[in-house]
Amino acid sequence: MYSFLTTENWADYELIDSGNFEKLERFGPYYVARPEPQAIWDKHLPEQEWQRMAQAVFTRDKNSTEKGQWQLKKGMPEQWHIGYIYNDLKLRFRLGLSSFKHVGLFPEQDSNWRFIYDTTRKLKTPQPKVLNMFAYTGAASLAAKAAGADITHLDSVKQVNFWARDNMEASNLDNVRWVVEDAMKFARREVKRGNTYNGIILDPPSYGRGPNGEKWQLENELNEMIKLCRELLDKTDYFLLINLYSIGFSAMILDNLMRDTFGEQVQHEELGELYLHDSGNRKLPLGTFFRFSSVGR
């Protein structure tokens, strides 16, 4: 089934407008404007409204495609918290204005967090083991933990893991296993040890570096990573979710990889795109996903 999924009914988040390669968002009480390469259409709201509303505006450095600076209005903090509620799942996230335009959270992942929470609770294993690689600030890890999982959270950046720990504490959760390591090295070692997981979550970047300079390039490494995940995934009680944000990376690539690699294990599958909708009713595409499980939703 091909699906288009968006963030819904989240009191502390809203995409206000998008266009001219920018997006204007509300995180809790604060309004943030930052670059968005896929927003190639015109803005819905007039420029004066953007200037009036935006309390933090990100501008790229002249000689960089990624790094830049934030211009803050009076009263705009550099860090703050927002809440997230889905049924009886209640999380809190610490947000912050980074030099790479990010704020520590990807709101379009809301539907994936719901999938993780619902599916983890349906697994038959009393405390299912879940592995989250490229785990960033931990929203997916915390959704699995809150659903009763024994969660391993892996990211190659130590400071990001500290941030994820802050989110865990703010959400009144504990006992997450934190791993700072190159994801490929970790997966290979776990396969050699014969370890398996009931759930695997993957959100790999297009390009990245491990803690010791290990190189990750999506199109070169993804096939091997998926094969390693086949060895790591439990054969009877399981789910797997992969999300990609890479412009031009078709969802059909995920479809081919998953079906070729996992075969009959692919059950209750869902393939599609994540997007956010703004006040002008435009749909901003923000990644492709493939997920399947032994239990459905």
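Residues numbered from 1 in each chain as written. Predicted model: local features only at pLDDT ≥ 70, side-chain atom pairs only at ≥ 80, totals over all residues. Heavy atoms only, no water.

As recorded in an unreviewed UniProt entry, the protein goes by the name Class I SAM-dependent methyltransferase, listed as coming from Pontibacter saemangeumensis.

A. Highlighting the sheet that holds strand 4 (residues 30-35). One open sheet accounts for five strands, arranged 2-3-4-5-6; its pairing is mixed. Edge positions in the sheet fall to strand 2 (13-19) and strand 6 (68-72), since each has one partner strand and no second. The sheet shows a mean angle of 20 degrees between the axes of neighbouring strands, direction not considered. Two strands pair when backbone bridges link them, and strand 2 and strand 3 (residues 22-27) are joined in this way by six bridges, in the antiparallel orientation. Note that in strand 3 the partner of Glu14 across the bridge is Arg26. (Pairing = 2+ DSSP bridges. Helix = DSSP H or I, 4+ residues; strand = E, 2+ residues; numbered from the N terminus. Axes fitted to C-alpha atoms, helices over the stretch in contact; angles between N-to-C directions.)

B. Quick peek at the nonpolar core. Counting residues in hydrophobic clusters, the biggest one holds 45 residues, and the most contacted among them are Trp80, Phe93, Trp113 and Ile116. Counting residues per element, this core draws most heavily on helix 3 (residues 139-146), at five residues. Once you skip the residues sitting within four places of it in the chain, Phe93 turns out to touch Trp10, Trp80, His81, Ile82, Tyr84, Leu105, Trp113, Ala139 and Asn167. If you look at the next biggest cluster of nonpolar residues, it comprises 35 residues, including Met133, Ala183, Leu218 and Ala251. (Core = buried A, V, L, I, M, F, W, Y, C linked by side-chain atoms within 4.5 Å. Buried < 20%, exposed > 50% of the residue type's maximum accessible area, 1.4 Å probe, protein only. Contact = heavy atoms within 4.5 Å.)

C. Inspection of the packing of helix 6 (residues 218-232) against helix 7 (residues 251-262) at higher detail. The interhelical angle for the contact between helix 6 and helix 7, taken along N-to-C directions, is 40 degrees, at an axis separation of 10 Å. Between helix 6 and helix 7, the angle is such that the two are oblique. In this structure, the crossing between helix 6 and helix 7 has a hand that is right-handed. Across from Leu222, Asn223, Ile226, Lys227, Cys229 and Arg230 in helix 6, the residues of helix 7 making contact are Leu257, Met258, Thr261 and Phe262. Among the residues making up the contact of helix 6 with helix 7, the classes are represented as six nonpolar, two polar and two charged. (Parallel < 35°, antiparallel > 145°, perpendicular 65-115°, else oblique. Left-handed = near helix turned anticlockwise from the far one by under 90°. Nonpolar A, V, L, I, M, F, W, Y, C, P; charged D, E, K, R; others polar.)

D. The sheet that holds strand 1 (residues 2-6), seen in detail. Spatially, eight strands are ordered 1-16-17-15-12-9-10-11 in an open sheet, and the strand pairing comes out mixed. In this open sheet, the two strands that pair with only one neighbour each are strand 1 and strand 11 (177-179). The mean angle between the axes of side-by-side strands here comes to 20 degrees, regardless of whether they run parallel or antiparallel. Of the strands in this sheet, strand 1, strand 12 (199-202), strand 15 (239-244), strand 16 (270-277) and strand 17 (283-293) touch helix 2 (residues 110-122), which is tilted by about 170 degrees from strand 15.

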